[in-house]
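In case you want the letters, here they are:
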Amino acid sequence: KEAMARAEARSPGKKHTMAAFAAMTDDVDSAVGVVLEKVTSLGIKDTTYIFFLSDNGGRKALPKAPEAALPLNHPLRDGKGSVYEGGIRVPFVVAGPGVKQGVVSRVPVTGLDILPTLADLAEYQKPLPDSLDGGSLKAVLRGGDTVIRTKPFLIFHQAVARKAQSAIREGDFKLVKNWDQKRVELFDLSNDRSEARDLSLTMPEIRKDLEGKLNEFLADVGAETRK
């Protein structure tokens, strides 16, 4: 009730206009604070890493929400359920020993990197399975810009409950493939995070390279591409 009262006392924003959603976000913030306070009171703050991230990109709409001036995920394209940035780009915050406060990293990472990172931070000595797609973020947490993975790219794919769609990102370039519509798009995220300018026709070599890597990876893991 307290969070709802605070939300209802505020004016609607350009993107977010629903007090109930704001109140739930307020409650999440408070709950995270409770966890952080407990870690401190237990005396384990200096030996504990905390990872906070979303499971997927934001929704494109909220039921019964008043009309807004901008889409919920602006300036990102689309939302939850898609492989455009609005569906896969999420908050990712890490706190812990050796992690400098207030620093923003632009290095592309994924939730798949968490397990190898924890193993590295815990000084786990045995080799991890080659089948793991993620890599350790330890260097990034220390201010670096490199993640070593078995593959030099990130793959996003879904087909089980929706029509098959995939994306591959390597460096600044990202390729999106819609299997049902047989459509392939290429974007340079360094200057087009809204994915508004398709470069697939003007950069055919990059498109061919990324699509080949994507197809090879999906074939190797037996991914479904017909839904």
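In this report, we go over the structure that sits alongside the text. (Residues numbered from 1 in each chain as written. Predicted model: local features only at pLDDT ≥ 70, side-chain atom pairs only at ≥ 80, totals over all residues. Heavy atoms only, no water.)

Brief notes about the overall build of the chain
Item 1. Assigned secondary structure in the chain consists of six helices and six strands.
Item 2. Element order for the chain, N to C, with α for helix and β for strand: α-α-β-α-β-α-α-β-β-β-β-α.
Item 3. Taken along its principal axes, the extent of the C-alpha atoms in the chain is 55 × 55 × 30 Å.
Item 4. The buried share of the chain, taken over its 227 residues, is 31%.
Item 5. When the accessible surface of the chain is split by element, carbon and sulfur atoms take 54% of a total near 14900 Å².
Item 6. Of the charged side chains in the chain, 34 are positive and 31 negative, and the gap between their average positions amounts to 3 Å. (Helix = DSSP H or I, 4+ residues; strand = E, 2+ residues; numbered from the N terminus. Buried < 20%, exposed > 50% of the residue type's maximum accessible area, 1.4 Å probe, protein only. Areas by Shrake-Rupley, 256 points an atom, 1.4 Å probe, with all protein chains shown as cover. Lys, Arg positive; Asp, Glu negative; His and termini not counted. Charge placed at Lys NZ, Arg CZ, Asp CG, Glu CD.)

Describing the layout of surface pockets
Regions of empty space are outlined by a rolling probe, equal in size to a water molecule, passed over the atoms.
Item 1. Taken as a whole, the second largest pocket encloses approximately 740 Å³ of empty space.
Item 2. What lines the second largest pocket is a set of 24 residues, among which Phe 21, Ser 54, Gly 57, Gly 58 and Pro 91 lie closest to the centre.
Item 3. Residue classes in the lining of the second largest pocket are distributed as 10 nonpolar, nine polar and five charged. (1 Å grid on protein atoms, 1.4 Å probe; cavity = no way out; pocket = protein on both sides within 12 Å on 5 of 7 lines; lining within 4 Å. Points joined across faces, edges and corners; volume = space filled by probe spheres on them. Nonpolar A, V, L, I, M, F, W, Y, C, P; charged D, E, K, R; others polar.)

Observations concerning unusual backbone geometry
Item 1. Here the amide bond leading from His 74 into Pro 75 is cis, since omega sits at 10°, within 30 degrees of zero.
Item 2. Mapped onto the elements, Pro 75 comes out in the loop between strand S1 (50-53) and helix H3 (85-88).
Item 3. The phi angle at Lys 64 is positive, at roughly 70°, despite the residue not being glycine.
Item 4. Note that Lys 64 resides in the loop between S1 and H3.
Item 5. At Lys 182, a position not held by glycine, the phi torsion is positive, near 55°.
Item 6. Relative to the assigned elements, Lys 182 resides in the loop between strand S5 (173-178) and strand S6 (183-188).
Item 7. We classify Lys 182 as exposed; its relative accessible area is 77%.

A few points about the pattern of salt bridges
Item 1. Applying the stated criterion across every chain yields a total of 13 salt bridges.
Item 2. Across the salt bridge formed by Asp 180 and Lys 163, the nearest N and O atoms sit 3.4 Å from each other. Here Asp 180, found in the loop between S5 and S6, pairs with Lys 163, found in the loop between strand S3 (154-158) and strand S4 (165-170); they are 17 residues apart in sequence, far enough to count as distant.
Item 3. When its relative accessible area of 45% is taken as the criterion, Asp 180 is described as partly exposed.
Item 4. A single salt-bridge network, built from bridges that share partners, covers Glu 85, Arg 89, Lys 174 and Glu 195. (Salt bridge = Lys/Arg side-chain N within 4 Å of Asp/Glu carboxyl O.)

Overview of a nonpolar patch on the surface
Item 1. On the surface, Val 28, Phe 52 and Val 93 cluster together into a nonpolar patch covering about 250 Å² of accessible area.
Item 2. Positionally, Val 28 belongs in helix H2 (residues 19-41). (Patch = residues over 30% accessible without salt bridge, like charges linked within 9 Å, V, L, I, M, F, W, Y side chains within 5 Å.)

Description of the sheet that holds S3
Sheet strands line up and pair through hydrogen bonds in the backbone, either parallel or antiparallel.
Item 1. In spatial order, the strands read S3-S4-S5-S6; together these four strands make up an open sheet with antiparallel pairing. A single partner strand is all that each edge strand has here, and the edge strands are S3 and S6. Geometrically, the sheet is characterised by an average inter-axis angle of 10° between neighbouring strands, direction not taken into account.
Item 2. Bridge analysis of S5 against S6 gives six bridges, and the strand direction is antiparallel. Bridging across to S6, Lys 177 finds its partner in Val 184. (Pairing = 2+ DSSP bridges. Axes fitted to C-alpha atoms, helices over the stretch in contact; angles between N-to-C directions.)

A look at helix H4 (residues 114-121)
Item 1. Taken together, the buried positions of H4 are Ile 114, Pro 116, Thr 117, Ala 119 and Leu 121.
Item 2. The inward-facing, buried residues of H4 abut S1, strand S2 (92-95) and helix H5 (138-141).
Item 3. Phi turns positive, to about 60°, at Glu 123, one or two residues after H4. (Contact = heavy atoms within 4.5 Å.)

Things to note about the nonpolar core
Item 1. In this structure, Phe 153, Ile 155, Ile 168, Phe 173, Leu 175, Val 184, Leu 186, Leu 199, Leu 210, Leu 214, Phe 217 and Leu 218 together form the largest nonpolar core, which totals 12 residues.
Item 2. Elements with a minimum of two residues in this core: S5, S6 and helix H6 (204-221).
Item 3. Of all the elements, H6 adds the most residues to this core, at four residues.
Item 4. Dropping the residues within four chain positions of it, Phe 153 is found in contact with Ile 168, Arg 169, Glu 170, Lys 213 and Phe 217.
Item 5. With 10 residues, the next largest nonpolar core counts Phe 51, Val 94, Val 99 and Val 140 among its residues. (Core = buried A, V, L, I, M, F, W, Y, C linked by side-chain atoms within 4.5 Å.)

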